[in-house]
Amino acid sequence: MSHAIAPVLGEATIQELREAVKGQIFTPSDEGYTAAASVWNGDYDGRRPALVVRCAGAADVIATVGFARSTGLAIAVRGGGHSIAGFSTVDDGIVIDLSPMKGVRVDPAAMRASVGGGAVWADVDHETQAHGLVTTGGLISTTGVAGFTLGGGIGWTMRKFGLACDNLAAADVVTADGRLVHAGESENADLLWGLRRGGGNFGIVTQFEFDLHPLGPMIYAGPIFYPADAARDLLHAFRGWASDAPDDVTAVVNLTSAPPLPAIPEEWHGKKVAAFLAASAGPVDEGAGLVGTIRQVAEPIVDLLGPMPYLATQTLLDPLWPNGIHAYFKATNLAQLDDDLVERLCEVHLAAPGPQCEIHVHQMGGAIARVDDEATAFAERSMPFVLNAVTGWQNSEVGPAHREWARAVLTAASEASTGRAYVNYLGDPGAARTSYGEDTYGRLVALKNHYDPTNLFRLNQNIEPS
Ligand SMILES: Cc1cc2nc3c(=O)[nH]c(=O)nc-3n(C[C@H](O)[C@H](O)[C@H](O)COP(=O)(O)OP(=O)(O)OC[C@H]3O[C@@H](n4cnc5c(N)ncnc54)[C@H](O)[C@@H]3O)c2cc1C
């Protein structure tokens, strides 16, 4: 048993919890603890929780929340475990791990999916595509449905079908007082409002209900890679194209280095490049017509944008983000992509200290912007672009340089920033107030006061009760 839990918990207390839950419990002295305590982001893998509880269902979540309340141990909730800021693990506290709860049930007639609180996007895509249906999921299939959706959910179909949180029709939530509460349009609608981007602040979601849409099995999608010296022209073309592109298409420009993939000529591996990545949720044969002007930017290194299975699109980038990689992101909403910003982004791209230093400029608008700002906790829907400075590295010695570079990307964008940010792309805690903006934050605080007045759920972009 860890030194830290000994004064608080005796074996008898832990035994009571073991008897109360159906899932597995790991203390530091249990076989399997190291694997159970391990998290995706290598930067936080060294944390030593006092307990990891792998919940088999909502009853286990209720029992563990009660146990945490009575012992005073801090709670970290783990869905898919992809938190950039390390929120899903905690030294000397309890990890409530929902990963066994990954069941997905599709009702094709109602075009709805029920998804367990520990599912990842690969689980959802597998079941929904069996019926030719989708909902907006992540760019990486191993990202958790829970953290992704509760923070907003930027994905390939968002301009056509909305963000993940816009497709969240209902949820079952274990609240701080240990109740299982249903949140839907006609029941606890205030809670549903908060779950649509308020993060894990209001409770632990054990079941999600998503709207589905027809798409696939083939779509028009993929990347075009250009040399880095075409980055300026690409960003200019992207800015013009994005402003009136049809909702069918969702795209991102990525200033990065060419990954060592067989589809990319070997002489380019590791060299700085500018990539345009897009996916269309429209008819496959109309895809090429949607991105015509982007293809005129320059001679590409390789053009892989074309018909491909939806499931392949959803896993295309997975190999670049393996378990155990160190990762740090920093993000801001952009009011515009002006010439000055383009120049600065091109400069900071060339100064990147490693191959996985990426500047993502996400195209927003479409269905996202048609939802009222007050309808969900995802305000500022009119922003045209989201900037995300993404860094990953294997050798921890280079971590500080990568973090510094991500901060430099944000500094380069400061004049074009709206001041708010997409919470799921923030690598540092304590950013809730600024990222939501005062109006939404005030409403979120009122909701927090109601559902979690003692701030039991605080390992997140925390909304502090007043
Ligand atoms: C490689 C990678 C790719 C990504 N790609 C995208 C992308 O394409 N689009 C995008 O929008 N974001 C993306 N993200 C960001 C991602 O959305 C967030 O990191 C998100 O929080 C991950 O969710 P998770 O369930 O995997 O995380 P976890 O680490 O399990 O949890 C993250 C947060 O959510 C809370 N939480 C988790 N499960 C629950 C639950 N069941 N109930 C209540 N709260 C819960 C946790 O307490 C924690 O605060 C990516 C992240 C990574 C690392």
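The preceding data block contains the structure.
Every chain begins its residue count from 1, and numbering advances along the sequence as written. Thresholds applied to this predicted model are a pLDDT of at least 70 for local features of residues and 80 or more for the giving and counting of side-chain atom pairs; totals over whole chains, interfaces and linings are not thresholded and use all residues. Computation of side-chain values covers all heavy atoms of the structure but excludes hydrogens and water.

**Focus on the sheet that holds strand S2 (residues 51-54)**
Sheet strands line up and pair through hydrogen bonds in the backbone, either parallel or antiparallel.
Inference 1: Whether two strands pair depends on DSSP finding at least two bridges between them. Strands here mean DSSP runs of E at least two residues long; helices mean DSSP runs of H or I at least four residues long; both are numbered from the N terminus. Taken in spatial order, the four strands of this open sheet run S1-S2-S4-S3, and their pairing is mixed. Each end of this open sheet is capped by a strand with a single partner; those strands are strand S1 (24-26) and strand S3 (75-78). If you compare each strand with its neighbour and ignore which way they point, the axes differ by 15° on average.
Inference 2: Note: S3 against strand S4 (residues 94-97), four bridges, orientation parallel. What sits directly across from Arg78, in S4, is Asp97. To get an axis, a line is fitted to the C-alpha atoms, and for a helix only the part in contact is used. The angle between two axes follows their N-to-C directions and goes from 0 to 180 degrees.

**Describing the packing of aromatic side chains**
Inference 1: Centre distance within 6.5 Å is the pairing criterion for rings of Phe, Tyr and Trp, where only the six-membered ring of Trp is used; planes under 30 degrees apart are then read as stacked, over 60 as edge-to-face, and the remainder as tilted. By the definition in use, this model includes 11 aromatic pairs.
Inference 2: Measuring from centroid to centroid gives 5.6 Å for Phe238 and Phe385, while their planes differ by 45°, and the two rings are tilted. Of this pair, Phe238 sits in helix H8 (residues 231-243) while Phe385 sits in strand S19 (residues 385-393), and the two are 147 residues apart along the sequence.
Inference 3: Exposure is judged per residue with a 1.4 Å probe applied to protein chains only, and the accessible area is read against the type maximum: over 50% gives exposed, under 20% gives buried, and values in between give partly exposed. Residue classification places Phe238 among the buried residues on the basis of a relative accessible area of 0%.
Inference 4: For Phe385, a relative accessible area of 5% translates into the label buried.
Inference 5: Judged by centre distance (5.5 Å) and plane angle (85°), the rings of Trp241 and Phe276 are edge-to-face. Of this pair, Trp241 sits in helix H8 while Phe276 is found in strand S14 (residues 272-280), placing the two residues 35 residues apart along the sequence.
Inference 6: Taking relative accessible area as the criterion, Trp241 reaches 8% and is therefore assigned buried.
Inference 7: Given the relative accessible area of 0%, Phe276 is considered buried.
Inference 8: Joined through ring pairs, the aromatic side chains of Trp321, Phe329, Phe378, Tyr422 and Tyr425 make up one cluster.

**A word on the layout of surface pockets**
Inference 1: Definitions used for this entry: grid spacing 1 Å over protein atoms alone; cavity, a set of points where a 1.4 Å probe fits but cannot get out; pocket, an open set with protein on both sides within 12 Å along at least 5 of 7 lines; lining residue, one with an atom within 4 Å of a point. Grid points are joined across faces, edges and corners, and a volume is the space filled by probe spheres set on the points. Put simply, the second largest pocket is a space of about 310 Å³.
Inference 2: Side-chain classes are defined by residue name, with Ala, Val, Leu, Ile, Met, Phe, Trp, Tyr, Cys and Pro counting as nonpolar, Asp, Glu, Lys and Arg as charged, and the others, Gly among them, as polar. Looking at the lining of the second largest pocket residue by residue, the class counts come to five nonpolar, nine polar and four charged.

**Brief notes about the sheet that holds strand S5 (residues 104-107)**
Inference 1: Sheet architecture is open: five strands sit in the order S5-S6-S10-S8-S9, paired in antiparallel fashion. Edge positions in the sheet fall to S5 and strand S9 (180-183), since each of these pairs with one other strand and no more. Adjacent strand axes in the sheet meet at a mean angle of 15° when their direction is disregarded.
Inference 2: Summarising the sheet, strand S6 (residues 112-116) and strand S10 (residues 204-211) pair through five bridges and their orientation is antiparallel. Paired with Arg112 across the two strands is Asp211, which belongs to S10.
Inference 3: Whether two residues are in contact is decided by their heavy atoms: any pair within 4.5 Å suffices. Against the sheet, helix H4 (residues 121-129) contacts S5, S6 and S10, and its axis sits at roughly 35° relative to S5.

None of the figures reported here should be taken as evidence of function without further support.
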